[in-house]
Amino acid sequence: MRPTAVAALLFGLCVAARVAAAEPVRADAFKPRAASVYAGDPEADLKLRIEEIFGVFLVDPPRRHASERVELTARQVVLNYWQPSQGLTDAELMTRATQFCLLGRTQFSPGARAVFSEMPDIEEVVLVFHDVIRKDQKGRRLAAETITPYLKARLTRGRFQRLKLEPVRACVDKGDCSAVFRAAFDEARFDRKGIKSR
């Protein structure tokens, strides 16, 4: 084998080894292909755009639960998201809700600002975190599920226009948006008792 061929082979092996050892690609680098969630829905394109704006839904079906979807009315966007509460503190859950709604979940998702600027008819954004509780499976029958909402953050256009985002970014960086969660939204509900009972 010629020296240039050997050098090229060694170079190729080194590159392959570096790629294999590199960090895995983060989930938020991919856009979910959620078209199947809204199959046959005349508002599918708009709902997919809203998903892209918030970046909340990072996985595709079947890993994505059927309850995780965008609902639209004439003046309201509702994001229903399965956020398991187990293993997370109240502050962590409120921080996630605040970030997802106001800033977007990922660096590529602008959040509420983009919805209000791109969609002039939308007057409210609502984010709902829910848990999916599966009952014990018996025999071959599928386990029954109960969908239990435990957090709701409702934001109007007017409130958002008056909101300063610097404190929001600061609390997200700090990992505790409990105070901002209660102050930033028109309605901020969090059911601690429901979480603790589960």
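Further up the page is the structure itself.
The sections below set out a description of the structure shown in this document.

About the cut-offs
- Residues numbered from 1 in each chain as written.
- Predicted model: local features only at pLDDT ≥ 70, side-chain atom pairs only at ≥ 80, totals over all residues.
- Heavy atoms only, no water.
- Helix = DSSP H or I, 4+ residues; strand = E, 2+ residues; numbered from the N terminus.
- Buried < 20%, exposed > 50% of the residue type's maximum accessible area, 1.4 Å probe, protein only.
- Contact = heavy atoms within 4.5 Å.
- Pairing = 2+ DSSP bridges.
- Disulfide = S-S within 2.5 Å.
- Polar contact = N/O pair within 3.5 Å; in protein donor to acceptor, adjacent residues only side chain to side chain.
- Axes fitted to C-alpha atoms, helices over the stretch in contact; angles between N-to-C directions.
- Core = buried A, V, L, I, M, F, W, Y, C linked by side-chain atoms within 4.5 Å.

Our next topic: the overall build of the protein. Looking only at helices and strands, the protein has 8 helices and 5 strands in total. Listed N to C, the secondary structure of the protein is α-α-β-β-α-α-β-β-α-α-α-β-α in terms of helices and strands. The proportion of buried residues among the 198 residues of the protein is 40%. Taking as baseline every contact in the protein between residues at least 6 positions apart, the subset at least 24 positions apart corresponds to 69%.

Secondary-structure assignment places V78 in strand β2 (residues 76–82). When residues no more than four places from it in sequence are discounted, the contact partners of V78 are R69, V70, E71, V126 and V128.

Among the 7 residues of β2, 6 are classified as buried, and the element is accordingly described as predominantly covered. Between strand β1 (residues 69–72) and the antiparallel strand that follows it, β2, lie 3 residues. Here 7 bridges tie β2 to strand β3 (residues 124–134), and the two strands are oriented parallel to one another. Of the residues in β3, the one forming a bridge with W82 is H130.

Turning our eyes to something else, we now look at the state of the cysteines. Tallying each qualifying case throughout the model produces 1 disulfide. Between the sulfur atoms of C171 and its disulfide partner C177 the distance amounts to 2.0 Å. Residues C171 and C177 share a disulfide whose torsion about the S-S bond is about 95 degrees; that sign makes it right-handed. Take C171: its relative accessible area is 8%, and that puts it in the buried class. C177 gets classed as buried once you look at its relative accessible area, which sits at 0%.

Moving on: the side chain of R157. Of note, R157 is situated in helix α5 (residues 157–162). A residue is classified by how much of its surface remains accessible, and R157, at 12% relative accessible area, is buried. At 2.7 Å, the side chain of R157 and the backbone oxygen of F116 are in polar contact. Here P120 takes part through its backbone oxygen, which lies 3.3 Å from a polar atom of the side chain of R157.

Moving on to the environment of D131. Relative to the elements of secondary structure, D131 occurs in strand β3. Sequence-wise, D131 and T146 are 15 residues apart; in three dimensions their C-alpha atoms are separated by 8.1 Å. Engagement of the side chain of D131 in a polar contact is seen with the side chain of S85, the distance being 2.7 Å.

Moving on, we get to the sheet that holds strand β5 (residues 187–190). Overall, mixed pairing links the 5 strands, which are arranged β1-β2-β3-β4-β5 in an open sheet. Of all the strands in the sheet, the pair left with one neighbour each is β1 and β5. Ignoring strand direction, the axes of neighbouring strands in this sheet form an average angle of 25 degrees. The pairing of strand β4 (residues 145–156) with β5 spans 4 bridges and is antiparallel. In the sheet register, K152 faces β5, and the bridge partner there is R189. Set on the sheet, helix α2 (residues 44–54) makes contact with β1, β2 and β3; between it and β1 the angle comes to about 120 degrees. Here helix α3 (residues 90–103) sits on the sheet and contacts β2, β3, β4 and β5; the angle it forms with β3, its principal contact strand, is near 135 degrees.

Okay, the nonpolar core next. Counting 44 residues, the largest nonpolar core has F54 and L79 as the members making the most contacts within it. A per-element tally of this core places α3 first, with 7 residues.

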